[in-house]
Amino acid sequence: MATPVPTSRGALIAIEGLDRAGKSTQCDLLMERLQREGKKARLQKFPDRTTTIGKMIDSYLKSTSQLDDHAIHLLFSANRWELAAKILADVNEGWTIIMDRYVYSGVVFSAAKGLGYEYCRTPDTGLPRPDAVIFLDLSAADAAKRGGFGEERYEVPKMQRRVREMFQFMMEDVRDEGDWKVLDAGKSVEEVQGEIWGLVEKAEEFAKGTGLRSI
Ligand code: DGP
Ligand code: NA
Ligand code: NA
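Conventions we followed
- Residue numbers run consecutively from 1 along every chain, following the written order of its sequence.
- All chains are assigned letters beginning at A, and all ligands numbers beginning at 1, according to the order in which they are written.
- Under the rules for a predicted model, residues below a pLDDT of 70 receive no local features and side-chain atom pairs below 80 are neither given nor counted, while totals for whole chains, interfaces and linings still include all residues.
- For the side-chain quantities, the full set of heavy atoms in the structure was used; hydrogens and water were omitted.
- Secondary structure elements are defined from DSSP: runs of H or I of at least 4 residues count as helices, runs of E of at least 2 residues count as strands, and each element is numbered from the N terminus.
- In this analysis, the expected span of each helix is defined as 1.5 Å times one less than the number of residues it contains.
- Residue exposure (1.4 Å probe, protein chains only): buried if accessible area is under 20% of the type maximum, exposed if over 50%, otherwise partly exposed.
- The directions from the helix axis to the C-beta atoms form the arc being described.
- For this analysis, residues touch if any pair of their heavy atoms sits within 4.5 Å.
- For each residue, the test is whether any non-hydrogen atom lies within 4 Å of the molecule or strand; if one does, the residue is near.
- The term polar contact refers here to a pair of N or O atoms within 3.5 Å; inside protein, the definition further demands a hydrogen-donor-capable atom paired with an acceptor-capable atom, and it admits residues adjacent in sequence only when both atoms are side-chain atoms.
- The Shrake-Rupley method, run with a 1.4 Å probe sphere, supplies the accessible areas, and residue values consider only the shown protein chains as cover.
- Only the stretch in contact is used when fitting a helix axis, every axis being a line fitted to C-alpha atoms; angles between N-to-C directions are given from 0 to 180 degrees.
- Put simply, angles under 35 degrees are roughly parallel, angles over 145 are roughly antiparallel, angles from 65 to 115 are roughly perpendicular, and the rest are oblique.
- Put simply, a crossing is left-handed when the front helix is turned counterclockwise from the back one by less than a right angle, and right-handed when it is turned clockwise.
- Side-chain classes are defined by residue name, with Ala, Val, Leu, Ile, Met, Phe, Trp, Tyr, Cys and Pro counting as nonpolar, Asp, Glu, Lys and Arg as charged, and the others, Gly among them, as polar.
- A pair of aromatic rings is counted whenever rings of Phe, Tyr or Trp (Trp by its six-membered ring) have centres within 6.5 Å, and the orientation is called stacked for planes under 30 degrees apart, edge-to-face for over 60 and tilted otherwise.
- Remark: a charge is flagged as sitting over a ring if the NZ atom of Lys or the CZ atom of Arg is within 6 Å of the ring centre and within 35 degrees of the ring normal.
- The criterion is simple. A nonpolar core is a set of buried Ala, Val, Leu, Ile, Met, Phe, Trp, Tyr and Cys residues joined through side-chain atoms within 4.5 Å.
- UniProt positions are given in the numbering used here, feature names are shortened, and annotations may be inferred rather than shown by experiment.
- Donors, by definition, are the N, O and S atoms found within 2.8 Å of a metal, the threshold being 3.2 Å for Na, K and Ca, and water is not counted, so a site can look incomplete.

1. What about helix α7 (residues 157-173)?
End to end, α7 covers 24 Å across 17 residues, agreeing with the expected 24 Å (1.5 Å per residue, within 8%). Listed in full, the buried residues belonging to α7 are Met-159, Gln-160, Val-163, Met-166, Phe-167, Met-170 and Met-171. Each buried residue of α7 sits inside an arc of 140° when the element is viewed along its axis, so together they form one side. Counted as exposed and oriented over 90 degrees from the buried face of α7: Lys-158, Glu-165 and Glu-172. In this structure, the buried residues of α7 make contact with β1 (12-17), α4 (103-112), α5 (117-121), β4 (132-137) and β5 (179-184).

This is how it looks when you write it as structure tokens:
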């Protein structure tokens, strides 16, 4: 996706992590603070379950429908593509967009199920590249302390262990593709929020001087 270099765009930031790492809580706190400080910022959750494609993903995650692994993989990617033009336009108009999950979840959850890593990356090629990726990491021990999982399809220990390994593999692989930061999600909510805030400010500073790139 070729984009003109804008004079003052917003930052595109992805927050990634395992289920139960506290992504949604952290994203909500972050949005509150961005708004308090009067910044133009919005949250984009992935999957976005409100679209037609998103509703298919939702029913798959709730196990009310079954789908071939490739088919659901492509739907998750299609869900990002259907929102890409709006993300691009908003960032270039000066909005900072916080994404609760993005292409990295897209790759690692499907690869954890056994689809090929390179295959998994292909459909997302060309999507807007985040200025910063913040990965909320949770050790197996800290994960166990947080109690039971929810009821959705992937929220089982064996899957989450594989997902964590795949995230670690992918972070190495895409090291040069963006500004990756791993945060220990086992720390207190306030501590993690403070660290996220520092990274967001840094990403906004970085965004001022560069055009948005693509994956
Ligand atoms: P959440 O709404 O953040 O709890 O995410 C729903 C679940 O779907 C969660 O277990 C992570 C998984 N997930 C998120 N994005 C993708 C994706 O692009 N592909 C696959 N296979 N799984 C995903
Ligand atoms: Na979840
Ligand atoms: Na979440």
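2. What to know about the site of ligand 1
What surrounds ligand 1 is a group of 13 residues, the closest being Lys-45, Arg-49, Arg-80, Arg-101 and Gly-106. One nitrogen or oxygen atom from the side chain of Arg-80 is found 2.8 Å from an oxygen atom belonging to ligand 1. Here Gly-106 contributes a backbone N or O atom positioned 3.5 Å from an oxygen atom of ligand 1. Taking 500 Å² as the accessible area of ligand 1 by itself, protein coverage stands at 94%.

3. Notes on the packing of helix α2 (residues 52-61) against helix α3 (residues 69-92)
The contact between α2 and α3 brings their axes to 9 Å, and the two run at 140°. Taken together, the axes of α2 and α3 lie oblique to each other. The crossing of α2 and α3 is left-handed. On the side of α2, the interface is formed by Ile-53, Gly-54, Met-56, Ile-57, Tyr-60 and Leu-61, while α3 contributes Asp-69, Ile-72, Leu-75, Phe-76, Ala-78, Asn-79 and Glu-82. Residues that form the contact of α2 with α3 fall into these classes: nine nonpolar, two polar and two charged.

4. Remarks on the packing of aromatic side chains
Under the criterion given, the structure shown has six aromatic pairs. Both rings, one in Tyr-117 and one in Phe-169, keep their centres 4.9 Å apart while their planes meet at 85°; by these two values the pair is edge-to-face. In this pair, Tyr-117 is assigned in helix α5 and Phe-169 in helix α7, connecting sequence segments 52 residues apart. Three or more aromatic residues joined by ring pairs make a cluster, and in this case those are Tyr-60, Phe-109 and Tyr-154. Taking NZ or CZ as reference, Arg-153 lies 3.7 Å from the ring centre of Tyr-60, over its face.

5. Quick word on the nonpolar core
Core analysis: the largest hydrophobic core is formed by 67 residues, its most contacted members being Tyr-102, Tyr-104, Leu-136 and Ile-196. Top element by residues in this core is α3. It accounts for eight residues.

6. Some thoughts on the UniProt feature "domain: Thymidylate kinase-like" (unreviewed entry) in the chain
Here the UniProt-annotated "domain: Thymidylate kinase-like" (unreviewed entry) positions come out as residues 15-196. Here residues 15-196 runs as 52% helix and 14% strand, with 9 Å between its end C-alpha atoms.

7. Some details on the side chain of Asp-131
Structurally, Asp-131 can be placed in the loop between α5 and β4. A relative accessible area of 3% means that Asp-131 is categorised as buried. When neighbours within four sequence positions are excluded, Asp-131 is seen to be in contact with Arg-9, Gly-10, Ala-11, Leu-12, Asp-179, Ala-203, Phe-206, Ala-207, Leu-212 and Arg-213.

8. Description of the environment of Arg-129
Along the chain, the position of Arg-129 falls in the loop between α5 and β4. Between the C-alpha atom of Arg-129 and that of Ser-214, which follows or precedes it by 85 residues, the distance is 4.5 Å. Setting aside chain neighbours within four positions, we find Arg-129 in contact with Leu-12, Glu-177, Leu-212, Arg-213, Ser-214 and Ile-215. Polar contacts involving the side chain of Arg-129 include one to the main-chain carbonyl oxygen of Ser-214, which spans 2.9 Å.

9. Let's talk about the coordination of the sodium ion (ligand 2)
Each pair of donors in an ideal four-coordinate tetrahedral metal site encloses 109.5 degrees, whereas pairs in an ideal six-coordinate octahedral site enclose 90 or 180 degrees. Distances from the sodium ion (ligand 2) to its protein donors, Asp-19 (OD) and Glu-155 (OE), fall within 2.5 to 2.6 Å. Here the sodium ion (ligand 2) and the sodium ion (ligand 3) are spaced 4.8 Å apart. You can see Asp-19 sitting in the loop between β1 and α1 (23-36) and its partner Glu-155 sitting in the loop between α6 (140-145) and α7, a full 136 residues away along the chain. Like Glu-155, Asp-19 is buried.

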